[in-house]
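The primary structure of each chain is shown beneath.
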Amino acid sequence: MTARILEPSQANLDYCQELLQKGQLVALPTETVYGLAGHALDGQAVTAIYASKHRPTFDPLIVHVAVALDQPRLPQLRHLIDLEQLSLPALRRAEALLQAFWPGPLTLVLPRQPQVPELTSGGLSTLAVRMPAHPVALALLRQSGMPLAAPSANRFGRISPTCAADVLAELGDQIPVILDGGPCAVGVESTVLRVSVDGDLTLLRFGAIGRAQLAAIAGYPVQLVSSPTMASPGMLASHYAPTKPLTLLDRPVDSVDLPTLQRLGLPPVTQRIGVLLQSGDAATVQALLSQRTGLEVQAISLSANGDAATIAQHLFAGLRALDASAAQWLLAEPCNGAQGLEHAIADRLKRASTRA
Ligand code: AMP
Ligand code: MG
């Protein structure tokens, strides 16, 4: 099978809906990254998602929904979420968060309705739900009325795709159709927040919506987990990883010379290195660094001026481009800053540079 990349016309949306109704999978754009979507209540479709991604079945999926925006949002999830289990503070906080951030890059983890296949949530008694903000994803969710399980459309552990061509490279041999919605506006996966039955809030994954923003809307502090792997099984130390070794610098690349690279483990035979810059002009850094190290340098800059939203948009495509280049060894500049999105970028770079 080779996937076809389709424009999101009404006829193609209808075709995707037909495929989904038959238990098949389609890749679709969201504002965070591209997702591999299947009917969340259809065990066969959910099984196919894990198999296509080579994803271990303990790693739970996020279920995508479209709710009516002019009504309270939580009650519209009662076919997925067991609202009876939630205390009043939990209900209030979850509703406030959904009102503030949906549609958008916030996933809430709440008690799962027993009718939702256990496999969808990796065997957990909770379920992760999100309403994406991309018009194509919303159109398909609205017209089909199906809840769609849609993890990132990449093979497990690899870099998430942020355009249709990257999905084709990852899963083109596994699925029939990729809906093309252009490059993703956010570029990193959603913030994941657990709301416990008594209303405690725990941040499970950094994303575009930061901890302070969540706490302000909920009117309640947001905790961090000491062991994300335990609290949220998919949060492995190594993830979003290129196939080539990637080293995360602790300073901007301007101050790097050959001895520094050797201390960082540059293999002696290396002739070409790749560098992912947070900001600035790639050509200037390329010239400077190759002069200083005697190596061939391929640099990619993620932004002109260090703006976090721009860096996040280009992050995964930049990692992919370096991975596909002739460079043998990759370096990335660190992302500093305390905004929510800067935490998310730093988190992705850390995981991408950790070997499995
Ligand atoms: P992805 O769909 O690839 O963006 O990843 C989804 C991630 O969300 C998983 O790897 C988990 O870390 C997290 N997640 C999803 N469902 C749950 C859940 N029920 N409890 C805790 N974490 C979850
Ligand atoms: Mg993923």
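Worth saying up front: this structure is predicted, and the values here are computed from it rather than measured.

Draft legend 1. Representation of the packing of helix α10 (residues 308-324) against helix α11 (residues 340-352) in the model. Axis separation between α10 and α11 bottoms out at 9 Å; the angle between their running directions is 20°. Judged by the angle between their axes, α10 and α11 are roughly parallel. Note that α10 runs across α11; the crossing there is left-handed. Residues Ala308, Ala309, Ile311, Ala312, Leu315, Phe316 and Leu319 of α10 lie in contact with α11, whose contacting residues are Leu341, Glu342, Ile345, Arg348, Leu349 and Ala352. Here the contact of α10 with α11 is composed, by residue class, of eleven nonpolar, no polar and two charged.

Draft legend 2. Structural detail: the pattern of salt bridges. Scanning the entire structure with this criterion turns up eleven salt bridges. With a closest N to O distance of 2.8 Å, Asp347 and Arg348 form a salt bridge. With relative accessibility at 1%, the residue Arg348 sits in the buried group. A salt bridge links Arg351 to Asp347, with the shortest nitrogen-to-oxygen separation between them at 2.7 Å. Placement of the pair is Arg351 and Asp347 together in helix α11, with a separation of four residues, close to one helical turn. Neither Arg351 nor Asp347 differs from the other in exposure class; each is buried. Connected through salt bridges with shared partners, the residues Arg155, Arg158, Asp166, Glu170, Arg320 and Asp323 form a single ionic network.

Draft legend 3. Examining the state of the cysteines more closely. All chains considered together, the criterion is met by zero disulfides. No disulfide involves Cys16; its sulfur sits 16 Å from the nearest other cysteine sulfur, which is in Cys184. Its relative accessible area of 0% is what places Cys16 among the buried residues. As a non-bridged cysteine, Cys184 has Cys163 as the owner of its nearest cysteine sulfur, 7.9 Å distant. We classify Cys184 as buried; its relative accessible area is 4%.

Draft legend 4. Local environment of the site of ligand 1. Taken together, 18 residues form the shell around ligand 1, and within it Arg55, Asp59, Thr126, Arg205 and Ser232 come nearest. Contact distances for ligand 1 include 3.0 Å between an oxygen atom and a side-chain N or O atom of Arg205. Protein chains bury 96% of the 500 Å² of accessible surface belonging to ligand 1 in isolation. For ligand 1, the cavity whose grid points lie within 2 Å of the majority of its atoms is the largest pocket. Residue assignment for the shell around ligand 1 shows that the elements contributing at least two residues are β6 (126-130) and β10 (201-205). Here the element with the most residues in the shell around ligand 1 is β6; it accounts for three residues. In terms of residue class, the shell around ligand 1 is made up of eleven nonpolar, four polar and three charged.

Draft legend 5. Focus on the layout of surface pockets. Its volume calculated, the largest pocket comes out at about 550 Å³. Contributing to the lining of the largest pocket are 38 residues, with Arg55, Pro60, Ile62, Val192 and Arg205 lying nearest its centre. Elements represented by at least two residues in the lining of the largest pocket include exactly β4 (62-64), β6, β9 (191-195) and β10. With four residues, the single largest contributor to the lining of the largest pocket is β6. The class makeup of the residues in the lining of the largest pocket is 17 nonpolar, 14 polar and seven charged.

The rules behind these values
Residues numbered from 1 in each chain as written. Chains lettered and ligands numbered in written order. Predicted model: local features only at pLDDT ≥ 70, side-chain atom pairs only at ≥ 80, totals over all residues. Heavy atoms only, no water. Axes fitted to C-alpha atoms, helices over the stretch in contact; angles between N-to-C directions. Helix = DSSP H or I, 4+ residues; strand = E, 2+ residues; numbered from the N terminus. Parallel < 35°, antiparallel > 145°, perpendicular 65-115°, else oblique. Left-handed = near helix turned anticlockwise from the far one by under 90°. Contact = heavy atoms within 4.5 Å. Nonpolar A, V, L, I, M, F, W, Y, C, P; charged D, E, K, R; others polar. Salt bridge = Lys/Arg side-chain N within 4 Å of Asp/Glu carboxyl O. Buried < 20%, exposed > 50% of the residue type's maximum accessible area, 1.4 Å probe, protein only. Disulfide = S-S within 2.5 Å. Near = heavy atom within 4 Å. Polar contact = N/O pair within 3.5 Å; in protein donor to acceptor, adjacent residues only side chain to side chain. Areas by Shrake-Rupley, 256 points an atom, 1.4 Å probe, with all protein chains shown as cover. 1 Å grid on protein atoms, 1.4 Å probe; cavity = no way out; pocket = protein on both sides within 12 Å on 5 of 7 lines; lining within 4 Å. Sits in = over half its atoms within 2 Å of the grid points. Points joined across faces, edges and corners; volume = space filled by probe spheres on them.

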